[in-house]
Amino acid sequence: MRSSLLILLFCAGCAARVVTPVPASAPAPVQASPATPPVETPAATPPAQAPAAAEPQATPAVSASGAPIAMPSPAEVAAVVTAAAVRENPCPVDAEDEDDEATAATDDEGVSEEGEMQAPLAPAAPSGPVYTADLSDEALTEAWKKDPATLGSMSIGFVESGRQINSVRVPDDKDWLVVSPDIAYGTQETVDYVAAAIRAVRAQYPNVPTLRVNRLSTKDGGYLRPHKSHQNGRDVDFGFYYPTAEPVRERERERYIDVAMNWALVRSLVVNTDVQMILVDKRVMKVLYDYALSIGEDKVWLDSLFNAGFNSLIKHARRHRDHFHVRFFNGRAQELGRRVAPLLALQPDQNLMMYKVRNGDTLGGIAMRHNSSVVAIKKANRMRNTFLSIGRRLVIPLKGPCTHCPIPPPVQLPPRRMPPQAEAPALVNTEPAASGKLPNPCTPAAPAPTPVAVPTGVPSGLSTGR
């Protein structure tokens, strides 16, 4: 009897130790430690009075066998994620850049001279002037008050909302024909760039016909019908080079132009000037690109000019099948315009602001809001009547300083996109570097400049003395 009772008690103890198996897919139950007090919700305990011990404690993960699992550190997780991202995209692009490229992919196809957008603002520039370092703030203020002409050309505002001061007319010359002298005014830098680019073509092709230089800006800049740009002396319209001096009036101009001379002009603009962009029809672009490739120009360099999306220098534009629209950076003129903007009230004749006409505007209402007059606005904009069109930019004479006028950012000229030096085929090295490391595809090689004869007196691309 006693032995049966002992066996029964032994079996009862075994039954008490039986553990129900847990499926591998189900989470393992975790019991709270008796030494750890229960965690109260934030709503029950104010943050200021919550004890430090009440913070939730991390529970170590355990395997099915009960052994603790070693979790990777945050650095190890980040390294794995970064390695995967690099494999997926070896040259990462910021989210803002992706948006810009997606926008440019659609905008470039339909860019026109009448719909040119303001250039994106440059990154934050170093404090202080860069291209007008020879003028302190005091010297600039004194010169502006006493004799503004001594400062030289100034590009005020933006290309689609601006004007110019101390402009220069493109001179008559045997190498080009000024088509409309009354609207052939630009900054000194722009006029110098026009001469340098055309004369470089003449040096390469001595028998090249005279090039037609069409519209730039009016003497004082501002709105130039029917354009939205051509306002502050940095835009120029060039005709095409044809086999003869007389332009061809056919619609398909790309079939009649002298491709070699026109490519020489484009190349000269890129190499000899601080060109911001060149607008032309995509059919002309294709002819120029194919020709440049056929004569041995570097394809990577050509693609950076023609096929780089938003960063292309040469872009398609509607209604540009018969001319080039060229826009230049003006290091000194733009920087002077930016620095003089707060001083405009010191010269009443130059104290002007730009205004974009909106729906419902009248000339009298605009004059009243800006403390001006209808007569002054009409005179400043060469208006024959009071009719206004929505979107037009008006020059508004002011009677006091303008505290809300937009001012462009400090000028930062990008380096010129010089073509790489051509190497003979036998000297091209196709072997990897001696170290065995392959070049980084995300780091473009710095192109070596090609020596080009530039006329004396032409400003260089990165000079800080302008």
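As the structure is a prediction and not an experimental result, all values here were calculated from the model.

Trainee: Describe in detail helix H8 (residues 299-306), supporting the description with residues and values.
Mentor: Every buried residue of H8 is listed here: Trp301, Leu302, Leu305 and Phe306. All buried residues of H8 project into a common sector of 120 degrees when viewed along the axis, lining one side. Buried residues in H8 make contact with helix H6 (259-272), helix H7 (282-294) and strand E9 (314-316). The backbone nitrogen of Val300 has a side-chain oxygen 3.2 Å away, supplied by the residue at the start of H8, namely Asp298.

Trainee: Go over the nonpolar core with me, naming the residues and quoting the values.
Mentor: Formed by 46 residues in total, the largest nonpolar core has its most connected members in Phe238, Trp263, Phe306, Ile314 and Phe324. Among the elements that take part in this core, H6 stands out by supplying eight residues, more than any other.

Trainee: A description of the pattern of salt bridges should follow, citing residues and the corresponding values.
Mentor: Counting across every chain of the model gives 17 salt bridges. Asp274 is paired through a salt bridge with Arg416; the nearest N and O atoms lie 2.9 Å apart. Taken together, the residues span a long stretch of sequence, with Asp274 in the loop between H6 and strand E8 (275-280) and Arg416 in the segment after strand E12 (393-397) at a distance of 142 residues. Accessibility expressed as a relative area gives 3% for Asp274, which makes it buried. We note a salt bridge from Asp303 to Lys299, for which the minimum N-O separation is 2.9 Å. Of the two residues, Asp303 and Lys299 are both situated in helix H8; the distance of four residues between them amounts to about one turn of the helix.

Trainee: So what's going on with the environment of Ile278? Which residues, and what values?
Mentor: For Ile278, the location among the structural elements is in strand E8. Looking at Ile278, the relative accessible area reads 1%, which means it is buried. Those residues in contact with Ile278 that lie beyond four places of it in its chain are Val266, Leu269, Leu313, Ile314, Lys315, Phe324, His325 and Val326.

Trainee: Would you mind going over the pairing of strand E2 (residues 161-165) in detail, with residue names and values included?
Mentor: Within E2, five of the five residues are buried, which leaves the element mostly enclosed by the surrounding structure. Burial of E2 is two-sided: the residues Ser161, Arg163 and Ile165 facing one way and the residues Gly162 and Gln164 facing the other way are all buried. Two strands pair when backbone bridges link them, and strand E1 (residues 154-158) and E2 are joined in this way by five bridges, in the antiparallel orientation. Bridge assignment links Ser155 to a residue of E2, and that residue is Gln164. In sequence, E1 turns back onto E2 through a hairpin of two residues.

Trainee: Which residues make up the side chain of Asp175, and what are the values?
Mentor: On the secondary structure map, Asp175 appears in the loop between strand E3 (168-169) and strand E4 (176-178). At 3.2 Å, the side chain of Asp175 and the side chain of Lys174 are in polar contact. Reaching out from Asp175, the side chain makes a polar contact with the side chain of Arg202 at a distance of 2.8 Å. When neighbours within four sequence positions are excluded, Asp175 is seen to be in contact with Ile198, Arg199, Arg202, Thr210 and Leu211.

Trainee: Give me the lowdown on the pairing of strand E11 (residues 352-356), citing residues and values where you can.
Mentor: Consecutive side chains along a regular strand alternate between the two faces of the sheet. When you tally the buried positions in E11, you get four out of five residues, the bulk of the element. Where E11 and E12 come together, five bridges link them in antiparallel fashion. Bridge pairing in E12 links Leu352 to Pro397.

About the criteria used
Residues numbered from 1 in each chain as written. Predicted model: local features only at pLDDT ≥ 70, side-chain atom pairs only at ≥ 80, totals over all residues. Heavy atoms only, no water. Buried < 20%, exposed > 50% of the residue type's maximum accessible area, 1.4 Å probe, protein only. Helix = DSSP H or I, 4+ residues; strand = E, 2+ residues; numbered from the N terminus. Arc of directions from axis to C-beta. Contact = heavy atoms within 4.5 Å. Polar contact = N/O pair within 3.5 Å; in protein donor to acceptor, adjacent residues only side chain to side chain. Core = buried A, V, L, I, M, F, W, Y, C linked by side-chain atoms within 4.5 Å. Salt bridge = Lys/Arg side-chain N within 4 Å of Asp/Glu carboxyl O. Pairing = 2+ DSSP bridges.

Don't take any of this as a statement about function, it's just geometry.
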